[in-house]
Amino acid sequence: MKYSQLYAPTLKEAPADSEVPSQELLIRGGFIRKIAAGVYTYLPLGRRVLLKIERIVREEMDRIGANEILMPIIQPAELWKQSGRWDDYGPEMMKLRDRHDREFTLGPTHEELVTFLIQNELNSYKQLPMTLYQIANKYRDEIRPRFGVLRAREFIMKDGYSFHDSWESLHETYKAHRQAYSNIMERLGLKYAIVEASSGAIGGSESHEFVAFADTGESNILYCDCGYSGNDERVPYVGEVVYESEEEKPIEKTYTPNVKTVEDVANFLNVPVRKIVKTLIYKGRNGYFMALVPGDRELNEEKLKAFVNDQSLVFATPEEILKDFGVPIGFLGPVGVKGIRIIADTQVKGMKNFVVGGMEKDYHYVNVNVGRDFVPDEWTDLVVAREGDPCPVCSKPLKMKKGIELGHIFKLGTKYSEAMGSKYMDRDGQLKPFIMGCYGWGISRTMGAIVEQLHDEKGIIWPLSVAPFTTIITPVSNNENLMKFATELYEFLLLKGEEVLFDDRNVSPGVKFSDADLIGIPFRITIGKTLNEGFVEIKWRTGYQLRVEADFEKIYEALNVSKEK
Ligand SMILES: O=C(C[C@@H]1CCCCN1)Cn1cnc2cc(Cl)c(F)cc2c1=O
Ligand SMILES: [Mg+2]
């Protein structure tokens with residue numbers, strides 16, 4: 001490709017709203033352009049990178065016998081009504097109507113569609129196991145799309161689904177995907193971890209995430225030297241309940257004018273933050289309920305959703321709370337409250353003489369004790385595990401790293417095959433629902449994650465496996481014999497199958513060099529004044545450079561020797 005024909009509008013300045021390096025560099029480098037919040041166009045350089053990421057994923061899927069199909073992004077509402085998930089995701093699911101006023105969704109995922117698809121095609125155990133996958137756009141109406149392609153509303157995902165007549169068969173396919181996903185991470189050149197994850201809304205049991213480390217990642221990975229690692233959405237708190245020994249003091253309703261946050265209350269009452277038990281009100285399909293956690297801990301919504309088995313849970317708004325409980329947020333508490341389900345984090349059980357909201361504006365209760373002043377309906381682990389908590393496996397203190405979730409694989413069980421009535425005939429002639437697994441990989445997110453891990457102050461450092469071009473030829477001027485040599489070298493390398501970009505623009509060498517560094521081409525062959533002495537210079541994007549005899553074969557050889565590095 002000649003640079004003069006390439007559509008890659010590079011920018012000197014980062015766009016004002018870019019928050020992370022990958023967003024800034026992919027926009028400045030002319031890889032993507034935003035058309036709306038969380039909605040992007042991939043320009044030629046971006047498209048080339050995506051196609052390379054997809055090719056790696058396809059090769060690893062083919063290796064484990066997965067069949068590529070292509071399903072529609074638009075899905076009939078009936079499928080989601082049949083599985084009962086039509087309203088599970090609230091506004092995150094983009095719904096629309098066709099000209100006949102029939103309801104559809106822009107597919108956020110395809111469990112229902114694929115399970116419906118196979119119900120009359122896969123009908124004998126002899127045809128199992130079967131894995132189908134696609135690489136296509138998904139739509140999830142994120143409340144806060146951000147970080148460019150890392151959290152977009154329309155994004156490209158590889159989503160695969162497997163169908164089995166036994167759990168053993170599912171375990172095998174699940175294991176094969178774990179290996180395939182590890183291969184993908186290695187081939188992408190990413191540092192990553194495989195972590196135990198929450199199955200969240202998808203139901204089913206076991207699930208693992210493949211997380212690329214990045215300080216700007218939104219996933220908090222808790223890990224231990226013993227080898228355990230988990231997404232903090234899912235890591236159980238296994239610490240002992242600490243039973244405080246102090247005597248129970250008489251409860252008091254204390255005037256705390258306009259003192260709302262945990263910190264303010266702790267300061268005002270001169271007690272440690274941990275002593276303030278937080279009361280949070282959630283709204284689910286079966287109405288409101290209260291969740292209680294110690295003041296120094298964070299409530300884990302994933303654990304709460306799983307405990308009450310309701311993925312549509314939302315935090316009650318201050319207006320709803322004022323309307324339905326007559327109390328402003330910040331003064332909520334469990335004492336004297338009737339008719340609402342109270343779920344408390346297990347650690348609260350050991351606390352004595354703690355503080356809760358007074359269920360009245362400007363009041364808090366102090367010296368509250370479980371049993372005497374209120375009794376929760378249920379106890380469970382409700383906190384977000386954090387650094388220093390005991391490892392669930394060996395109890396040593398956990399460490400934390402941030403990361404970007406690129407892959408997520410699940411053992412689903414029969415949730416969808418039962419819901420969609422998709423069955424197969426087993427060897428005894430019985431009709432059985434398929435046992436299923438599902439396997440996702442964020443293709444467009446991967447492009448962002450690679451840049452997060454591999455960039456410097458000059459721009460992107462693409463690994464060879466996904467670089468839009470592997471080599472750029474940069475004549476330092478349009479001087480005739482430089483251009484003659486450069487053009488012939490370009491033709492020679494093209495014939496050799498190199499993915500080479502020829503910077504034939506009429507711009508200064510400085511612009512050529514900074515653009516080559518910004519868009520992150522791994523090798524730059526500079527054709528400069530050393531040509532008169534019979535040399536050209538090959539420069540790695542990582543900084544290493546080499547003078548090579550101005551001989552096409554020798555240059556080609558030098559390029560390929562360095563690819564082994
Ligand atoms: O998608 C999965 C599980 C796996 C991930 C890998 C590929 C197959 N699906 C979980 N999930 C996440 N967000 C969603 C958002 C909406 Cl709006 C929805 F309607 C459904 C889902 C939903 O089901
Ligand atoms: Mg996930």
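A short tour of the structure in this document, coming up. (Residues numbered from 1 in each chain as written. Chains lettered and ligands numbered in written order. Predicted model: local features only at pLDDT ≥ 70, side-chain atom pairs only at ≥ 80, totals over all residues. Heavy atoms only, no water.)

1. Here's the deal with the pairing of strand E30 (residues 535-540)
For step 1, the next point in the chain: The sheet contact formed by strand E29 (residues 523-527) and E30 spans four bridges and is antiparallel. Residue Phe523 lies in a different strand from E30, and its bridge partner there is Trp540.
For step 2, the next point in the chain: Of the pairings in the sheet, the one linking E30 to strand E31 (residues 545-549) comprises five bridges and is antiparallel in character. Bridging from a neighbouring strand, Phe535 pairs with Glu549 of E31. (Pairing = 2+ DSSP bridges. Helix = DSSP H or I, 4+ residues; strand = E, 2+ residues; numbered from the N terminus.)

2. Let's talk about the site of ligand 1
For step 1, the next point in the chain: Taken together, 16 residues surround ligand 1, and among them Arg85, Pro108, Thr109, Glu111 and Arg140 come closest.
For step 2, the next point in the chain: One of the side-chain N or O atoms of Tyr89 is found 3.3 Å from an oxygen atom in ligand 1.
For step 3, the next point in the chain: Here a nitrogen atom of ligand 1 and a side-chain polar atom of Thr109 are 2.8 Å apart.
For step 4, the next point in the chain: When ligand 1 sits alone it has 500 Å² of accessible area, and the protein chains cover 92% of it. (Near = heavy atom within 4 Å. Polar contact = N/O pair within 3.5 Å; in protein donor to acceptor, adjacent residues only side chain to side chain. Areas by Shrake-Rupley, 256 points an atom, 1.4 Å probe, with all protein chains shown as cover.)

3. Re the packing of aromatic side chains
For step 1, the next point in the chain: Scanning the model with the defined rule gives 16 aromatic pairs in all.
For step 2, the next point in the chain: Arranged with centres 5.2 Å apart and planes meeting at 55°, the rings of Tyr282 and Phe315 form a pair that is tilted. In this pair, Tyr282 is assigned in strand E14 (residues 278-284) and Phe315 in strand E16 (residues 314-315), connecting sequence segments 33 residues apart.
For step 3, the next point in the chain: Under the relative-accessibility criterion, Phe315 is labelled partly exposed at 42%.
For step 4, the next point in the chain: Sitting over the ring of Trp86, Lys95 keeps its end group 4.2 Å from the ring centre.
For step 5, the next point in the chain: Directly above the aromatic system of Tyr174 lies the positively charged group of Lys411, at a separation of 4.6 Å from the ring centroid. (Phe/Tyr/Trp six-rings, centres within 6.5 Å; stacked < 30°, edge-to-face > 60°. Buried < 20%, exposed > 50% of the residue type's maximum accessible area, 1.4 Å probe, protein only. Lys NZ or Arg CZ within 6 Å of the ring centre and 35° of its normal.)

4. Quick look at the sheet that holds strand E27 (residues 471-475)
For step 1, the next point in the chain: Pairing is mixed across the open sheet formed by five strands, whose spatial order is E28-E27-E29-E30-E31. Single-partner strands in this sheet number two, and they are strand E28 (500-502) and E31. The average undirected angle you get between the axes of adjacent strands in this sheet is 25°.
For step 2, the next point in the chain: Across the sheet, helix H11 (residues 480-495) touches E27, E28, E29 and E30, and the angle it forms with E28 is around 160°. (Axes fitted to C-alpha atoms, helices over the stretch in contact; angles between N-to-C directions. Contact = heavy atoms within 4.5 Å.)

5. Describing the sheet that holds strand E6 (residues 103-106)
Hydrogen bonds between backbone atoms are what pair the strands of a sheet, whose relative direction is either parallel or antiparallel.
For step 1, the next point in the chain: Here we have three strands laid out as an open sheet, ordered E4-E6-E5, and antiparallel in their pairing. Of all the strands in the sheet, just strand E4 (74-76) and strand E5 (95-97) have a single pairing partner and so form its edges. Each strand axis lies, on average, 40° off the axis of its neighbour in the sheet, ignoring direction.

Geometry only, nothing functional implied.
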